[in-house]
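# Examination of the molecular architecture
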Amino acid sequence: MEVFRIQGGRALNGEVRVNGAKNAALPLLAATLLTRETCVLRNVPDLSDVRFMIEILRHHGARVETPAPGVVSVTAESVHPHTPYELVKKMRASICLLGPLVGRLKMADIAQPGGCVIGTRPIDLHLKGLSRLGCTMTQHAGYITVDATNARGGRVFLGGPSGSTVTGTSNLVMAAVLTPGVTVIDCAACEPEVVDVCVMLSRMGAKIEGLGGPTLRITGVESLRGVTHEVVSDRIEAGTYAIAAAMSGGEIVVRGAKADHLGAFLDKFEEAGADFDILDADTLRVRGSAGRLKPVDITTLPHPSFPTDLQAQFTAMLTLAGGASTITERIYPNRFMHVPELNRMGANIAVEGPCAVIRGATALSGAPVMASDLRASAALILAGLVARGETWVQRIYHLDRGYERFDERLAALGASVERLRQSAMPADLRGE
Ligand code: EPZ
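Bear in mind that the values here come from a model prediction, so they are computed numbers and not experimental data.

The subject of this paragraph is the domain arrangement of the protein chain. Here the protein chain is described as being made up of domain 1 (2–19 + 233–424) and domain 2 (22–230). A separation of 30 Å is found between the C-alpha centroids of domain 1 and domain 2. The interface of domain 1 with domain 2 comprises 23 residues on the first partner and 18 residues on the second. When domain 1 packs against domain 2, the two sides together hide about 1,800 Å² of surface, and 52% of this comes from carbon and sulfur. Among the residues of domain 1 in contact with domain 2, His303, Tyr332 and Arg401 are the three that bury the most area, contributing 30% of the side total.

Listed below in structure tokens is the structure:
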């Protein structure tokens, strides 16, 4: 197990380029199963989740090569439909194989993903969509078997209690592109990562109308061709670096930060008093703003509203704002595992159901803390960058799922962040 040791109080200066988006790369890799021709993905982030998705594609029979950094070539000449539990349990996002298997093979036999610390993560909307295409589903021993022999285009409303479903929308599109007839998805997710999947499918020959909007119309085609596609840049990583700069002083330029994908985030970032400029469509410049941050109220909702994946990081920043901020989580009401750890560093955050009240400004002090999930890890590291003294962040494997070389890139900007073995921690500080 690895830990980060962080010495707080260093300003960040310089330039960082965000990588391709994890939440686009995973469904894009799955979508390569829809054709027997070769697909080449570029700007693929080097993340444990991505490496694992490559392992799953190979399990399904695809030939996968990584000829250069960030480049993944997939040729799925023949594919089998079984996705075993031992693979799915390691990464619940492997559920995004469901759509391509149904589209390509007219069947799937996939282990049902479990929940995780941020929520129960149901897939009822995914299955509702497939049933509207005429698929028959049976559930047995934790597996879902889908028979799409008689699938035809259909209409489905994909809205659930928290709005639409991101991977559910991608799954249904990936099933529908090779399903005869016309499929209409109402209340489709509009996240840029879903749009990126639709763009690649269209370039493979799929017929999809309404990209980026809440209603998608897909006309099934016989087959899809191979493609070369660049993964869209990661708006969540971009927002994370922007928050790091606002919290820790100095001035950084974030390349690949698409303002068009960060509307709600930048709106709240500005309201909170962060000092930033949009230099061009893909570039943000952010200056340290710790002394001028103001409290704001945030509610997480589906895109284009404020993204739940930036909630934990923004919470860390709001501990520095003078006054009371509120965060209401409408996507994952339990997504506050970072709060007790931030409070151990001196934050003053109270959680009541889906709401958190952050009372600042508090001077954070370094402490040994425990990462619990991907975005909570990032939040704790951001807090460590500004905390007085030394912070040890444990269970860094959570972070490596979604941030490539986060320690090295923060250190290159001037932070004091070291990746060490757990054994390097003073014995009395180890949390386990
Ligand atoms: C995607 O998860 C992202 N993961 C998540 O990012 C992100 O937090 C989430 O979308 C919301 O934006 C990937 O893309 C791999 P959902 P996904 O289906 O698709 C409910 C990160 O940190 N729901 O849009 O699994 C669900 O309970 C990760 O990078 C149903 O009720 O999320 C949740 O409340 C974490 N029934 C809401 O919808 C369903 O069938 C949104 O879920 C599906 C979902």
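A few words now on the site of the ligand. For the ligand, the set of nearby residues contains 24 residues, the closest of which are Leu125, Thr165, Thr167, Asp309 and Ile331. Contacts to the ligand include Arg121, whose side-chain N or O atom sits 3.1 Å from an oxygen atom. Pro122 is positioned such that a nitrogen or oxygen atom in its backbone is 3.4 Å from an oxygen atom of the ligand. A total of 820 Å² of accessible area belongs to the ligand in isolation, and the protein chains cover 90% of it. Broken down by secondary-structure element, the contributors of at least two residues to the shell around the ligand are helix 1 (22–31), helix 5 (124–132), helix 6 (166–176) and helix 12 (374–386). No other element matches helix 5, which puts three residues into the shell around the ligand. Considered class by class, the residues forming the shell around the ligand number ten nonpolar, seven polar and seven charged. Here the shell around the ligand gathers at least three residues from each of two domains, domain 1 (2–19 + 233–424) and domain 2 (22–230).

Moving on, we come to the nonpolar core. With 75 residues, the main nonpolar core has Val177 and Leu201 as its most contacted residues. In terms of residue count, the dominant contributor to this core is helix 1 (seven residues). Contacts of Val177, omitting those with residues within four sequence positions, involve Leu34, Leu201, Ala206, Ile208, Ile218, Thr219, Gly220, Val221 and Leu224.

Below, the discussion takes up the packing of aromatic side chains. Aromatic ring pairs are reported here in terms of the distance separating the ring centres and the angle at which the planes meet. In total, this model carries eight aromatic pairs according to the counting rule given. With 5.4 Å between their ring centres and 85° between their planes, Phe306 and Phe314 make a pair best called edge-to-face. Summarising the burial analysis for this pair, Phe306 and Phe314 share the class buried. Summarising the aromatic geometry, the rings of Tyr403 and Phe406 are spaced 4.9 Å apart at their centres and angled 40° between planes, so their arrangement reads as tilted. Residue classification places Phe406 among the buried residues on the basis of a relative accessible area of 0%. Taken together through their ring pairs, the aromatic side chains of Phe265, Phe269, Phe276, Phe306 and Phe314 make up a single cluster.

The pairing of strand 2 (residues 12–17) with strand 15 (residues 250–255) spans six bridges and is parallel. Among the inter-strand pairings, Val16 is bridged to a residue of strand 15, identified as Val254. The pairing of strand 15 with strand 17 (residues 283–287) spans five bridges and is classified as antiparallel. By the bridge assignment, Glu251 is partnered in strand 17 with Arg287.

What follows concerns the packing of helix 1 against helix 7 (residues 192–203). Close contact between helix 1 and helix 7 brings their axes to 8 Å; oriented N to C, the two are set at 30°. Comparing the axis directions of helix 1 and helix 7 gives the class roughly parallel. Helix 1 and helix 7 meet at a crossing whose hand is right-handed. Contacts between helix 1 and helix 7 involve Asn23, Ala24, Pro27, Leu28 and Ala31 from the first element and Glu193, Asp196, Val197, Met200 and Leu201 from the second. Its residues placed into classes, the contact of helix 1 with helix 7 shows seven nonpolar, one polar and two charged.

What follows is about the environment of Leu127. Looking at the secondary structure, you find Leu127 in helix 5. On the basis of relative accessibility, which here comes to 15%, the residue Leu127 falls in the buried class. Distance from Leu127 to Gly168, taken between C-alpha atoms, is 8.5 Å for residues 41 residues apart in sequence. Not counting the four nearest positions on each side in its chain, Leu127 is found in contact with Leu98, Met137, Gln139 and Ile144.

Before going further, it helps to examine the sheet that holds strand 21 (residues 355–360). Spatial ordering of the open sheet is given by 18-19-21-20, a layout of four strands whose pairing is mixed. Two strands in the sheet have a free side with no partner beyond their single neighbour: strand 18 (297–300) and strand 20 (349–352). Strand-to-strand twist of the sheet, defined as the mean angle between neighbouring strand axes without regard to direction, takes the value 15°. Pairing of strand 18 with strand 19 (residues 323–329), which is carried by four bridges, proceeds in the parallel orientation. Residue pairing across strands places Asp297 opposite Thr326, the latter belonging to strand 19. Together, strand 18, strand 19, strand 20 and strand 21 form the strand contacts of helix 10 (residues 311–318), whose direction differs from that of strand 19 by roughly 170°.

Here helix 7 spans 16 Å end to end across twelve residues, near enough to the 16 Å set by a 1.5 Å rise per residue. Taken together, the buried positions of helix 7 are occupied by Pro192, Glu193, Val194, Asp196, Val197, Cys198, Met200 and Leu201. Looking one or two residues beyond helix 7, the residue adopting positive phi is Gly205, at roughly 110°.

The next point concerns unusual backbone geometry. Following His303, the chain continues into Pro304 via a peptide bond in cis, with omega recorded as 10°. Omega for the peptide link from Gly360 to Ala361 comes to 0°, which places this bond in the cis form. Position of Ala361 relative to the elements: it lies in the loop between strand 21 and strand 22 (368–370). Its identity as a non-glycine residue notwithstanding, Arg121 has a phi of 55°, on the positive side.

Let us look at the pattern of salt bridges. Across all of its chains, the model carries 23 salt bridges by this definition. For Arg51, the salt bridge is made with Asp46, and the minimal N-O distance between the two is 2.6 Å. You can call Asp46 partly exposed: its relative accessible area is 46%. For the salt bridge of Arg405 with Glu408, the shortest nitrogen-to-oxygen distance reads 3.2 Å. Here the salt bridges do not stand alone but share partners, grouping Glu251, Asp275, Asp277, Arg285, Arg287 and Arg292 into one network.

Conventions and cut-offs
- Residues numbered from 1 in each chain as written.
- Predicted model: local features only at pLDDT ≥ 70, side-chain atom pairs only at ≥ 80, totals over all residues.
- Heavy atoms only, no water.
- Domains from an automatic or database assignment.
- Contact = heavy atoms within 4.5 Å.
- Buried area = accessible area lost by both parts, 1.4 Å probe.
- Near = heavy atom within 4 Å.
- Polar contact = N/O pair within 3.5 Å; in protein donor to acceptor, adjacent residues only side chain to side chain.
- Areas by Shrake-Rupley, 256 points an atom, 1.4 Å probe, with all protein chains shown as cover.
- Helix = DSSP H or I, 4+ residues; strand = E, 2+ residues; numbered from the N terminus.
- Nonpolar A, V, L, I, M, F, W, Y, C, P; charged D, E, K, R; others polar.
- Core = buried A, V, L, I, M, F, W, Y, C linked by side-chain atoms within 4.5 Å.
- Buried < 20%, exposed > 50% of the residue type's maximum accessible area, 1.4 Å probe, protein only.
- Phe/Tyr/Trp six-rings, centres within 6.5 Å; stacked < 30°, edge-to-face > 60°.
- Pairing = 2+ DSSP bridges.
- Axes fitted to C-alpha atoms, helices over the stretch in contact; angles between N-to-C directions.
- Parallel < 35°, antiparallel > 145°, perpendicular 65-115°, else oblique.
- Left-handed = near helix turned anticlockwise from the far one by under 90°.
- Expected span 1.5 Å × (residues − 1).
- Salt bridge = Lys/Arg side-chain N within 4 Å of Asp/Glu carboxyl O.

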